[in-house]
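Listed below, chain by chain, are the residues.
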Amino acid sequence: MESERDLFILQFMEYGILYDKSARIIRTKGEPTIQIFPATRDILIKTKFDNIFYDNLAREINLAYKFGMFTTAIILSRKLIENLVIEIFRAKYKRSKPRSLNLFYDMKNGRFHDLSDLINNLEIKNKKDIFGPDKYAISKFLSLVKPFRKQARVRCDKKSLS
């Protein structure tokens, strides 16, 4: 059992992560990263939703932000944005059209598309003027979400070791 644990710890060494057995702590070889914290930690999401799932998710995001758990707040915010984009597609395209399901759901893998694909699909449909009078609102939403998408993807991908 001990050898399996040691083998597991050795796998992280190629990423610059070392386990100091005597101190029982994890050390990194790289330069320390600087984190920028906001001066105040007020409510991040002030929007009230007519859906208990979104209200609870916004509450969790606000609590994580308030307590300085910024990575958690970013990941949960990304989840909120993913779900809102899916809701936009569901509202526009009724379930009676299986082809439209491909805009937000990957039927081959049995899961929703990731945020990057969702935003790309939304942008393509918005450029084709599919949303009519809501085109400006969708464009504004995309302008707010696109910079976040890049930042959140980098932070989420760095968490992955694969």
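Novice: Give a description of a nonpolar patch on the surface that names residues and reports values.
Specialist: Together, L63, F67 and M69 line one region of the surface with nonpolar side chains, adding up to about 310 Å² of accessible area. Tracing the backbone through its elements, the reader meets M69 in the loop between helix 2 (52-66) and helix 3 (70-92). Owing to a relative accessible area of 42%, M69 belongs among the partly exposed residues under this scheme.

Novice: Which residues make up the packing of helix 3 against helix 5 (residues 115-127), and what are the values?
Specialist: Viewed as axis vectors pointing N to C, helix 3 and helix 5 meet at an angle of 35 degrees, and their least axial separation amounts to 10 Å. The two elements helix 3 and helix 5 meet at a crossing, and its hand is left-handed. Mapping the contact onto sequence places R78, I81, E82, V85, I86, I88 and F89 in helix 3 and L115, L118, N121, L122 and K125 in helix 5.

Novice: Quick rundown of the pattern of salt bridges? Include the residues and the values.
Specialist: A side chain with one charge can pair with a side chain of the opposite charge if their charged atoms come near. Here the structure, examined in full by the defined rule, presents five salt bridges. In this structure, E82 and R78 form a salt bridge, with 3.8 Å as the shortest nitrogen-oxygen distance. Here E82 and its partner R78 are both found in helix 3, four residues apart, which amounts to about one turn of the helix. As far as the burial class goes, E82 and R78 line up, both buried. For K146, the salt bridge identified is with E123, shortest N-O distance 2.5 Å. You can see K146 sitting in helix 6 (residues 135-159) and its partner E123 sitting in helix 5, a full 23 residues away along the chain. K146 gets classed as partly exposed once you look at its relative accessible area, which sits at 27%. One connected set of salt bridges, linked through shared partners, spans R78, K79 and E82.

Novice: So what's going on with the packing of helix 2 against helix 3? Residues and values would help.
Specialist: Following both chains from N to C, one finds helix 2 and helix 3 inclined at 160 degrees, their axes separated by 8 Å at the closest point. Viewed along their axes, helix 2 and helix 3 adopt a mutual orientation that is roughly antiparallel. Pair helix 2 / helix 3 crosses with left-handed handedness. Contacts between helix 2 and helix 3 involve F53, Y54, L57, E60, I61, A64 and Y65 from the first element and F70, T72, A73, L76, S77, K79, L80, N83, L84 and E87 from the second. Partitioned by chemical class, the residues of the contact of helix 2 with helix 3 number 11 nonpolar, three polar and three charged.

Definitions and limits used
Residues numbered from 1 in each chain as written. Predicted model: local features only at pLDDT ≥ 70, side-chain atom pairs only at ≥ 80, totals over all residues. Heavy atoms only, no water. Patch = residues over 30% accessible without salt bridge, like charges linked within 9 Å, V, L, I, M, F, W, Y side chains within 5 Å. Areas by Shrake-Rupley, 256 points an atom, 1.4 Å probe, with all protein chains shown as cover. Salt bridge = Lys/Arg side-chain N within 4 Å of Asp/Glu carboxyl O. Helix = DSSP H or I, 4+ residues; strand = E, 2+ residues; numbered from the N terminus. Buried < 20%, exposed > 50% of the residue type's maximum accessible area, 1.4 Å probe, protein only. Axes fitted to C-alpha atoms, helices over the stretch in contact; angles between N-to-C directions. Left-handed = near helix turned anticlockwise from the far one by under 90°. Contact = heavy atoms within 4.5 Å. Parallel < 35°, antiparallel > 145°, perpendicular 65-115°, else oblique. Nonpolar A, V, L, I, M, F, W, Y, C, P; charged D, E, K, R; others polar.

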